[in-house]
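Structure assessment
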Amino acid sequence: MNAPDLVNEDQAEQTLRTLLRRMESVSDIDVARQVMSSDTAIDLIVSFRRGKAAHTLLVEVKANAEPARVRTAIWQLRSAAQAYGNDAYTVLAAPYVSPASREICQENGVGFIDFSGNAYLSVGGLEINHRTDAKPKAEQRVLRSLFKPKAAAVLHTLLKDPQHSWRIGDLAEQAGVSAGHASQIGKQLRQRELAQQSEEGMWVSDPNGLLDVWSQEYEPPTGKPTQSEARSSAARHADRRP
């Protein structure tokens with residue numbers, strides 16, 4: 001285990017302890033680290049009492065909670081729940097859990113916490129539901145890098161026909177960027193479940209979602225079109241119909 005993993009686990013433990021201590025009905029909080037049972041490992045097992053009832057949280061800590069990675073974490077949590085007992089409540093912890101990833105967690109009955117202040121737990125009659133607009137600087141940098149001029153050229157090309165499947169070489173040539181750059185943009189889109197990949201190539205699976213993120217994160221260069229102008233320009237290249 002490397003140092004960043006330990007830092008994330010430390011923060012996850014501290015965040016959970018802080019959340020639970022705020023609840024007057026919660027007592028006897030205990031945390032175990034890196035627990036293994038057969039072939040199943042879980043990062044944190046948090047036990048506590050609420051009144052006379054005992055409860056257990058199985059916590060998977062991730063350095064990155066992009067939607068595609070969240071689905072993998074949910075599979076790990078389900079495996080852990082089978083090994084440790086289905087009464088345990090599963091929780092994803094990460095530096096930042098985006099709105100899309102939060103929705104995936106809740107759809108699958110999984111709680112989440114992040115280090116920006118977002119949290120959702122619903123166990124044994126105890127419900128914690130916190131939201132914040134704050135984002136870590138690293139997350140902001142990654143998102144905004146998707147909408148820099150070269151990256152935006154790739155996005156414009158994809159949005160002209162969202163259902164068209166692009167080979168990376170063809171996409172790069174059409175957008176006027178290197179194949180490596182086009183590949184990196186594609187990877188970021190797929191991890192956020194804004195695009196999908198098949199043998200035929202990559203296509204935009206959620207053009208509305210991509211445009212929404214673009215409008216939220218876009219920062220116009222000096223002397224360039226404003227955010228609203230950029231958003232209107234992007235929208236003209238996308239089919240926004242369901």
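Our structure is the block above this text.
Residues numbered from 1 in each chain as written. Predicted model: local features only at pLDDT ≥ 70, side-chain atom pairs only at ≥ 80, totals over all residues. Heavy atoms only, no water.

Some points on the overall build of the protein
Counting its secondary structure elements, the protein contains nine helices and nine strands. Taken over 242 residues, the protein has a buried fraction of 41%. Considering only residue pairs separated by 6 or more positions, the protein has 50% of its internal contacts joining residues 24 or more positions apart. Per element, the accessible surface of the protein, about 12,900 Å² overall, is 46% carbon and sulfur. (Helix = DSSP H or I, 4+ residues; strand = E, 2+ residues; numbered from the N terminus. Buried < 20%, exposed > 50% of the residue type's maximum accessible area, 1.4 Å probe, protein only. Contact = heavy atoms within 4.5 Å. Areas by Shrake-Rupley, 256 points an atom, 1.4 Å probe, with all protein chains shown as cover.)

What about the packing of helix α2 (residues 67–84) against helix α3 (residues 99–107)?
Viewed as axis vectors pointing N to C, α2 and α3 meet at an angle of 25 degrees, and their least axial separation amounts to 9 Å. Our classification of the angle between α2 and α3 gives roughly parallel. Here α2 runs over α3; the crossing is right-handed. Here Pro-67, Val-70, Arg-71 and Ile-74 of α2 lie close against α3, whose contacting residues are Ala-100, Ser-101, Ile-104 and Cys-105. Of the residues that constitute the contact of α2 with α3, the class distribution is six nonpolar, one polar and one charged. (Axes fitted to C-alpha atoms, helices over the stretch in contact; angles between N-to-C directions. Parallel < 35°, antiparallel > 145°, perpendicular 65-115°, else oblique. Left-handed = near helix turned anticlockwise from the far one by under 90°. Nonpolar A, V, L, I, M, F, W, Y, C, P; charged D, E, K, R; others polar.)

A few points about the nonpolar core
Grouped burial of nonpolar side chains is what soluble globular proteins tend to show. Membership of the largest hydrophobic core comes to 40 residues, with the highest contact counts inside it found for Leu-57 and Val-59. Looking at this core element by element, the count peaks at six residues for α2. If we ignore the near neighbours within four places in the chain, the residues touching Leu-57 are Leu-16, Leu-20, Leu-44, Ile-45, Val-46, Phe-48, Tyr-89, Val-91 and Val-123. In terms of nonpolar packing, the next biggest core, distinct from the first, is built from 23 residues, Val-154, Leu-194, Ala-195 and Trp-214 among them. (Core = buried A, V, L, I, M, F, W, Y, C linked by side-chain atoms within 4.5 Å.)

Brief notes about the environment of Glu-127
Relative to the helices and strands, Glu-127 resides in strand β7 (residues 126–130). For the pair Glu-127 and Met-23, spaced 104 residues apart in sequence, the C-alpha to C-alpha distance is 9.8 Å. Among all residues touching Glu-127, those that are not within four sequence positions of it are Tyr-120, Leu-121 and Ser-122.

What about α2?
Its 18 residues give α2 an end-to-end C-alpha distance of 25 Å, which sits within 8% of 26 Å, the value for a rise of 1.5 Å per residue. Residues of α2 that are buried include every one of Pro-67, Val-70, Ala-73, Ile-74, Leu-77, Ala-80 and Ala-81, and no others. Looking straight down α2, one finds that the buried residues subtend no more than 125 degrees of arc, so they occupy a single side. For α2, the exposed residues set more than 90 degrees away from the buried face come down to Trp-75 and Gln-82. Just beyond α2, the residue with positive phi is Gly-85, at close to 120 degrees. (Expected span 1.5 Å × (residues − 1). Arc of directions from axis to C-beta.)

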